[in-house]
Amino acid sequence: FLETAAYFCMKPKMGEKEVSPHSFFSIWHEFSSDFKDFWKKENKLILQERVKEAEEVCRQKKGKSLYNIKPKHDSGIVSKNL
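Rules and cut-offs
- Residues numbered from 1 in each chain as written.
- Predicted model: local features only at pLDDT ≥ 70, side-chain atom pairs only at ≥ 80, totals over all residues.
- Heavy atoms only, no water.
- Helix = DSSP H or I, 4+ residues; strand = E, 2+ residues; numbered from the N terminus.
- Buried < 20%, exposed > 50% of the residue type's maximum accessible area, 1.4 Å probe, protein only.
- Areas by Shrake-Rupley, 256 points an atom, 1.4 Å probe, with all protein chains shown as cover.
- pLDDT = per-residue confidence, 0-100.
- Phe/Tyr/Trp six-rings, centres within 6.5 Å; stacked < 30°, edge-to-face > 60°.

Some words on the overall build of the protein
- In terms of helices and strands, the protein carries three helices and zero strands.
- Ordered by position from N to C terminus, the α and β elements of the protein give α-α-α.
- Burial analysis of the protein (82 residues in total) assigns 5% to the buried set.
- Summed over all atoms, the accessible surface of the protein reaches about 8600 Å², with 60% contributed by carbon and sulfur.

Spelled out as structure tokens, the structure:
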């Protein structure tokens, strides 16, 4: 634990000889909860952008028809009798 605290340059509070786990993890808890909140917001924004892009692609594909409709030619029995 002390090596980890030293790696993150944690210094003991006034009146303490060493960094206590409580002080280290209280700071770490604040950092991780903030990071989690930002992560959720960022993922939500990315998801919204992807949904918009997918909707746009869908609109573009609907605009282009994949098949052509040809007019019907009168070649049946009814057209021959008229």
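Comments concerning the confidence of the model for the protein
- A residue-level look at the protein finds 82% of positions with pLDDT of 70 or above and a mean pLDDT of 83.
- Here helix 3 (residues 77-81) is the element of the protein with the lowest mean pLDDT, 63, and helix 2 (residues 21-63) is the one with the highest, 91.

Some remarks on the packing of aromatic side chains
- One pass over the structure, following the stated rule, counts nine aromatic pairs.
- When the centroid spacing of 5.6 Å and the interplanar angle of 90° are considered together, the rings of Phe1 and Phe24 count as edge-to-face. One end of the pair, Phe1, is in the segment before helix 1 (2-7); the other, Phe24, is in helix 2, and 23 residues separate them in sequence.
- Given the relative accessible area of 7%, Phe24 is considered buried.
- One aromatic cluster is present, formed by Phe1, Tyr7, Phe8, Phe24, Phe25, Trp28, Phe31, Phe35 and Trp39 through successive ring pairs.

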